[in-house]
Each structure stands twice: as structure tokens, then as C-alpha cells.
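Working through the structure, step by step
If you want the building blocks of each chain, they are given just below.
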Amino acid sequence: MNDSGFDLNAPHAPTWLTARRAVWLFALLAALIVALLAMRLMQARAAKGALANKTGIPTVSVTEVGVSAMPTTVNIIGTIGARYDTPIGVEGDGGRVAAIYVEAGDHVKRGQVLARLDVSVLEPQVANLQAALELARAEADLAAAEYRRAVAVGASGALSAEETERRRSNSVTAAAKVKVAAAQLAEAQARLARAEVRAPADGLILTRSVEVGQTASPGGGALFRLAEGEEVELRGQVAEQDLPLLQVGQPVTVRLTGTSQAYPGRVRLLGAVIDPQTRLGLVRVSLAPDANLRPGAFARAEVTVSNADRIVLPQTAVLSDEKGSYVLIVNSQNKVERRAVHVSGIVANGVTVADGLNGKEHVVATAGAFLQEGEVVSPVVKTAGSS
């Protein structure tokens, strides 16, 4: 206790602002601030909505279209095949296959033996006919010698005219028998030669459908298929309206399904008729030989037939209904107009328009289906190709 009567060691009197009351006060102030901000935001939105209701003009994105050179292509779909696909079978009498000398994928030369039939019967026949021919020749030589002697002594009267004539007849008959034996031998030798199946031309063996021991006959299926000259081609079809755009000799880019490698070729043949059921025409494209171009492979080809100026629009800009394809444009009064167009194709960045636009209009790029013809809009211009 000091001189004034107060005890300095006594505790201070408690104040009204405790820690708990301070927390509650801070939370109340924060709630008031949030409520004030929410009220301001609601007022701003209400004002914006009132302004929108007052003007009623939607904002739309339009694109400035331009004319650019675009290639016109024709697509061909088909399969790879040998240009000259030759089936090879059995000639002659047929028989059991005794040996096979080639496999699918082998390169062969003209006249090369591909397979051989059993010749156990033909070879003895040929040997027998060869002996018969030698016998006939010996008899013919003997008959000719006797006739010459008869002619030599006939002048002296040693032989009668009848005997001389008989010997002449025997000589002629023996010579004829030689010709018959030679013909029979040639026939047998031809049958023996046909027992060997040979390649009719240089080329590539595509398939082998025969096994050793199998019985082959002329009326049966082909034993081998040969690609003569190893030439390949694309046998494809195109739409009826695209066929007049193609010409023989046009360059073609061919791609196999599932690969990106391009194989150059040229149009070799155009079909003379259109299939009445599919409305497709035949096209054949010659290709350079390549190990990857296997007959039967599915392929697609493109032919650039022309480079013309075309208008390219985003796909979202082109609409369609029962009247056909159309776009919506914004005129100089910012009003929406409908313009009929003719879509000529699809490219990587949109669709090409053949007619209906001159390339100077502002075309509604998106959300055109929500607009009405004659409606006033606020256009926002973006260049073609921008996002």
C-alpha cells in the first residue's frame, strides 16, 4: 500500500472487451462486409439484365471468308492385284503330283518347271514307241533296197513287172509305217512333256494350291497363280459423278490401309460401264512393283483433278434443313440473312463451298441455329481459321 491508500499489488479490474467478445465482433463485421458485396453484385446483375432487356441485341461470332486455291480430289477405293494374274493348271491327261519345285513368293522364269506329275506309265510307252519306230525304219530300209534291186535287174528280164511293182508297193508301205510310228512317238513324248507343269512367262508365284501326292486333272482348279512380269495395280471403284473427272495417265497417290506410306501410280484404265446397282465405275491404277504391295491388300487412292478457287468455311457455319444447305450472314445493317450454298467437299479445316457466296460476306460461325432471319445482332469478327 502506498501513501495514497491504494494497494499496488492488488489485481486490475476486469474490462468489457474480452477475447471471446473480440472474435464475435470480428465475425459480425466480416458478415456485414460479405452482405454488402453480395448486394452490390446483385444490383450490378440486375442493371445488366435490364440493359439487355432494353436493347435485345445478341452478340454473335462471324468470320470473314476469303477465296483460296483448293485442290479437287477424287477418291478411289479398291484392292491391290496383279495386272496379269495367270492361273496355271495341268495340261493333258493329268495324274498324281510327284514333285513340287516352287513356293508362293518365288520368282520364276519362262519355261521353269513348277511341278511334275507321275510318269511311271508314260515313260515305258515312249520307250516302246521309240523301239517301234526303229523297227519300222529298218523294215522301210529293207523294202527300199529290194525295190532298188528289182529296178536294176528289171531291164534284163530277170524279174517280172509284177514283182517289181510288188516290191515298190512294199517300200512305200514301209515308209508310211515309219511316219505312223514317228507320229505316235511324238504324241507320247508330248504327253510326257505335259507331265511337267512349267511357267508360261517370267513372274512371281502368288499362290500354290497343290500338294505332293494330290491327283491333278485338267478339269480341276489351278495349281499355281502367277503374276506375269510382277506388275501390280489397284483395282478400284469411283462414284458415277467422279468418273468423268478422271483421265488415263493422271498421277495417283495410293496408300494401304493402316500405313502412311504413299505409292505413286497412274490411271491405266477407266471402265466403260457403270454398275446399275452400286452406281460405281471401274478404275485401274498401275503401280511400280513393291514388296509391300501384295495382291488382295485393301488400299485407298487420291487423284488431284484440278486446283480451283474455293470458299472454305468452318463446319459449324453450314446448316441444313429440308430446303438444303445454307449459311447465315450478317449484312451491313447487322441483320441476319439466310443464304443458300452448295457444299462441294470436306477439307481438313472445314468445308468447301462451290457457289452461293462471293467471299466478302460475314458468315455466322457458331450458334446459327438459335438466330432468326432478319434478327439484329452485334457481330464480333474473327478471321477464318482463328479459334
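Shown above is the structure to which this text applies.
Residues numbered from 1 in each chain as written. Predicted model: local features only at pLDDT ≥ 70, side-chain atom pairs only at ≥ 80, totals over all residues. Heavy atoms only, no water.

Broken down by element type, the protein chain carries 3 helices and 22 strands. A buried classification covers 27% of the 387 residues belonging to the protein chain. By sequence separation, contacts in the protein chain at least 24 residues apart represent 73% of the contacts at least 6 residues apart. For the protein chain, the accessible area works out to roughly 24500 Å², and carbon and sulfur atoms hold 55% of it. (Helix = DSSP H or I, 4+ residues; strand = E, 2+ residues; numbered from the N terminus. Buried < 20%, exposed > 50% of the residue type's maximum accessible area, 1.4 Å probe, protein only. Contact = heavy atoms within 4.5 Å. Areas by Shrake-Rupley, 256 points an atom, 1.4 Å probe, with all protein chains shown as cover.)

Across the sheet, 4 strands lie side by side as 7-6-4-9; this open sheet has antiparallel pairing. The two strands at the open ends of the sheet, each matched to only one other strand, are strand 7 (196-198) and strand 9 (215-216). Alignment of strand 4 (residues 95-100) against strand 6 (residues 113-117), held across 3 bridges, turns out to be antiparallel. Bridging from a neighbouring strand, valine 97 pairs with leucine 117 of strand 6. (Pairing = 2+ DSSP bridges.)

One can find threonine 63 in strand 1 (residues 59-64). Note: C-alpha distance between threonine 63 and isoleucine 329 (266 residues apart in sequence) is 9.3 Å.

Before going further, it helps to examine the packing of aromatic side chains. For the structure shown, the criterion picks out 0 aromatic pairs. A cation over an aromatic ring shows up here: arginine 338 above the ring of tyrosine 326, its NZ or CZ 3.7 Å from the ring centre. (Phe/Tyr/Trp six-rings, centres within 6.5 Å; stacked < 30°, edge-to-face > 60°. Lys NZ or Arg CZ within 6 Å of the ring centre and 35° of its normal.)

If you trace the 4 strands from one edge of the open sheet to the other, you get 3-10-8-5, paired in antiparallel fashion. The outermost strands of the open sheet, each flanked by one partner alone, are strand 3 (85-88) and strand 5 (107-108). Bridge count for strand 5 against strand 8 (residues 203-208) is 2 bridges, and the pairing is antiparallel. Of the residues in strand 8, the one forming a bridge with histidine 107 is leucine 204.

Okay, a nonpolar patch on the surface next. Nonpolar side chains collect at one region of the surface, where Leu25, Leu28, Leu29 and Leu32 lie side by side and expose about 390 Å² of accessible area between them. Taking the relative accessible area as the measure of exposure, leucine 32 reaches 52% and is therefore exposed. (Patch = residues over 30% accessible without salt bridge, like charges linked within 9 Å, V, L, I, M, F, W, Y side chains within 5 Å. Salt bridge = Lys/Arg side-chain N within 4 Å of Asp/Glu carboxyl O.)

In this model, the largest pocket occupies a volume close to 350 Å³. What lines the largest pocket is a set of 12 residues, and nearest its centre among them are Pro71, Thr72, Thr73, Ser344 and Gly345. When contributions to the lining of the largest pocket are tallied by element, the ones reaching two or more residues are strand 2 (67-82), strand 15 (298-313) and strand 19 (342-347). Per-element tally for the lining of the largest pocket: the top contributor is strand 2, with 5 residues. The residue inventory of the lining of the largest pocket, partitioned by class, reads 4 nonpolar, 6 polar and 2 charged. (1 Å grid on protein atoms, 1.4 Å probe; cavity = no way out; pocket = protein on both sides within 12 Å on 5 of 7 lines; lining within 4 Å. Points joined across faces, edges and corners; volume = space filled by probe spheres on them. Nonpolar A, V, L, I, M, F, W, Y, C, P; charged D, E, K, R; others polar.)

This part is about the nonpolar core. Counting 20 residues, the largest nonpolar core has Ile76, Ile80, Leu234, Val254, Val283, Val285 and Leu287 as the members making the most contacts within it. Those elements giving two or more residues to this core turn out to be strand 2, strand 11 (232-239), strand 12 (251-256), strand 13 (262-274), strand 14 (280-287) and strand 15. Ignoring any residue separated from it by four or fewer positions in sequence, one finds valine 285 in contact with Ile76, Val232, Glu233, Leu234, Val252, Val254, Gly265, Arg266, Val267 and Arg268. Judged by nonpolar contacts, the second largest core, of 19 residues, contains Ile88, Val102, Ala115 and Leu117. (Core = buried A, V, L, I, M, F, W, Y, C linked by side-chain atoms within 4.5 Å.)

One non-glycine residue, glutamate 230, adopts positive backbone phi at about 60°. With respect to the helices and strands, glutamate 230 occurs in the loop between strand 10 (224-228) and strand 11.

Let us look at the pattern of salt bridges. Tallied over the full model, the rule gives 17 salt bridges. Linking glutamate 103 and arginine 208 is a salt bridge whose minimum nitrogen-to-oxygen distance equals 2.9 Å. In this pair, glutamate 103 is assigned in the loop between strand 4 and strand 5 and arginine 208 in strand 8, connecting sequence segments 105 residues apart. A residue is classified by how much of its surface remains accessible, and glutamate 103, at 41% relative accessible area, is partly exposed.

Structurally, the position occupied by arginine 167 is in helix 3 (residues 161-193). Take arginine 167: its relative accessible area is 18%, and that puts it in the buried class. Residues within four places of arginine 167 in sequence aside, it is in contact with Ala143, Glu146, Tyr147, Ala150 and Leu159.

Where strand 12 lies against strand 13, 5 bridges are found, and the strand directions are antiparallel. Each bridged residue has a counterpart across the sheet, and for threonine 253 the counterpart in strand 13 is proline 264. Examined bridge by bridge, strand 13 and strand 14 share 6 bridges and lie antiparallel to one another. Within the sheet, the bridge partner assigned to valine 267 lies in strand 14 and is valine 285. Taking the residues between adjacent antiparallel strands as the criterion, strand 13 and strand 14 are bridged by 5 residues, where arginine 279 takes a positive phi near 60°.

Another point: helix 3. With 33 residues, helix 3 should cover 48 Å at 1.5 Å per step; its first-to-last C-alpha distance of 48 Å lies within 8% of that length. Of all the residues in helix 3, the buried ones are Thr164, Arg167, Ser171, Ala174, Val178, Ala181, Leu185 and Ala188. (Expected span 1.5 Å × (residues − 1).)

On to the side chain of glutamate 233. In this fold, glutamate 233 is placed in strand 11. Among the polar contacts made by the side chain of glutamate 233, one reaches the side chain of arginine 235 at a distance of 3.1 Å. One polar contact links glutamate 233 to arginine 268, side chain to side chain, over a distance of 2.9 Å. When neighbours within four sequence positions are excluded, glutamate 233 is seen to be in contact with Thr79, Ile80, Gly81, Ala82, Arg83, Arg268, Arg284, Val285, Ser286 and Leu287. (Polar contact = N/O pair within 3.5 Å; in protein donor to acceptor, adjacent residues only side chain to side chain.)

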